[in-house]
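These are the residues of each chain, in order.
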Amino acid sequence: MATYPSAKFMECLQYASFKHRQQRRKDPQNTPYVNHVINVSTILSVEACITDEAVLMTALLHDVVEDTDASFEDVEKLFGADVCGLVREVTDDKSLEKQERKRLQIENAAKSSCRAKLIKLADKLDNLRDLQVNTPTGWTPERREQYFIWAMKVVDNLRGTNANLELKLDEIFRQRGLL
Ligand SMILES: Nc1nc2c(ncn2[C@@H]2O[C@H](COP(=O)(O)OP(=O)(O)O)[C@@H](OP(=O)(O)OP(=O)(O)O)[C@H]2O)c(=O)[nH]1
Ligand SMILES: [Mn+2]
């Protein structure tokens, strides 16, 4: 009989918390960055009832290549090709201009695999929940509002993936007057 959480899931949690250890979120409380990736994995497990372990592990690793010195090769060596392929799907190319990265998130959302779409939905849900209560340091109210508008365009290209997550996202968009 399988026991949970698995050793590889725990290793993933440890790796993510180590790699993000020096990063903080942009909220006024300077929350440790790892709280965000734990939230994304927890949303998928608790709110979306996902049991696909590679998806839950990738949620923990979804910003590790984008935002730390970890490489895809490191992730593949430690956690295998399946998880690494998913991390690739949810990683922005930081060498591109910010505007282009934002445009590509909208465009690439539609082309993503179903499993990557789940992680992208949970990622946006956590970021938007945070934005409902916080304005990131240095952001104007307009920039915060623009994030909701842009996030809805990304989410629109992820639809048909998980009814529960999409309902929760739509409730936020409704509250902002976007739906
Ligand atoms: N809501 C919120 N976001 C924060 C906070 N700290 C860091 N972020 C990150 O900031 C990004 C949004 O800021 P932008 O200025 O639009 O984008 P940038 O950081 O990529 O330049 C989000 O990335 P994203 O591309 O939308 O997703 P991802 O990078 O998390 O995958 C989010 O992860 C915070 O305290 N609250
Ligand atoms: Mn994220």
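An unreviewed UniProt entry lists the protein under the name Guanosine-3',5'-bis(diphosphate) 3'-pyrophosphohydrolase MESH1, from Drosophila yakuba. UniProt annotates the protein under Function (unreviewed entry) with the comment "ppGpp hydrolyzing enzyme involved in starvation response."

Grouped together as the largest cluster of nonpolar side chains are 52 residues, with contacts concentrated most on Leu44, Leu61, Val75, Phe79, Val83, Leu128 and Leu165. For this core, the secondary-structure elements that each account for two or more residues are helix H1 (7-19), helix H2 (34-47), helix H3 (53-61), helix H4 (64-67), helix H5 (72-89), helix H7 (114-133), helix H8 (141-156) and helix H9 (163-175). Among the elements that line this core, the one with the most residues is H7, at eight residues. Apart from the residues lying within four places of it in its own chain, the contact partners of Phe79 are Lys8, Glu11, Cys12, Tyr15, Met57 and Leu61.

On to the site of ligand 1, then. Neighbouring residues of ligand 1: 21 residues in total, closest Lys98, Asp123, Asp130, Arg143 and Tyr147. Contact between ligand 1 and Lys26: an oxygen atom at 2.7 Å from a side-chain N or O atom of the residue. Every element with two or more residues in the shell around ligand 1 is listed here: helix H6 (98-111), H7 and H8. No other element matches H7, which puts five residues into the shell around ligand 1. The residue inventory of the shell around ligand 1, partitioned by class, reads five nonpolar, four polar and 12 charged.

Coordination of the manganese ion (ligand 2) by the protein is provided by His36 (NE2), His62 (NE2), Asp63 (OD) and Asp123 (OD), with metal-donor distances spanning 2.1 to 2.5 Å. Spacing between the donor residues of the manganese ion (ligand 2) along their common chain follows H-x25-H-D-x59-D. Placement of His36 in helix H2 and of Asp123 in helix H7 is noted, with a sequence separation of 87 residues between them.

Conventions used here
Residues numbered from 1 in each chain as written. Chains lettered and ligands numbered in written order. Predicted model: local features only at pLDDT ≥ 70, side-chain atom pairs only at ≥ 80, totals over all residues. Heavy atoms only, no water. UniProt positions renumbered as here; feature names shortened; annotations may be inferred. Core = buried A, V, L, I, M, F, W, Y, C linked by side-chain atoms within 4.5 Å. Buried < 20%, exposed > 50% of the residue type's maximum accessible area, 1.4 Å probe, protein only. Helix = DSSP H or I, 4+ residues; strand = E, 2+ residues; numbered from the N terminus. Contact = heavy atoms within 4.5 Å. Near = heavy atom within 4 Å. Polar contact = N/O pair within 3.5 Å; in protein donor to acceptor, adjacent residues only side chain to side chain. Nonpolar A, V, L, I, M, F, W, Y, C, P; charged D, E, K, R; others polar. Donors = N, O, S within 2.8 Å, 3.2 Å for Na, K, Ca; no water.

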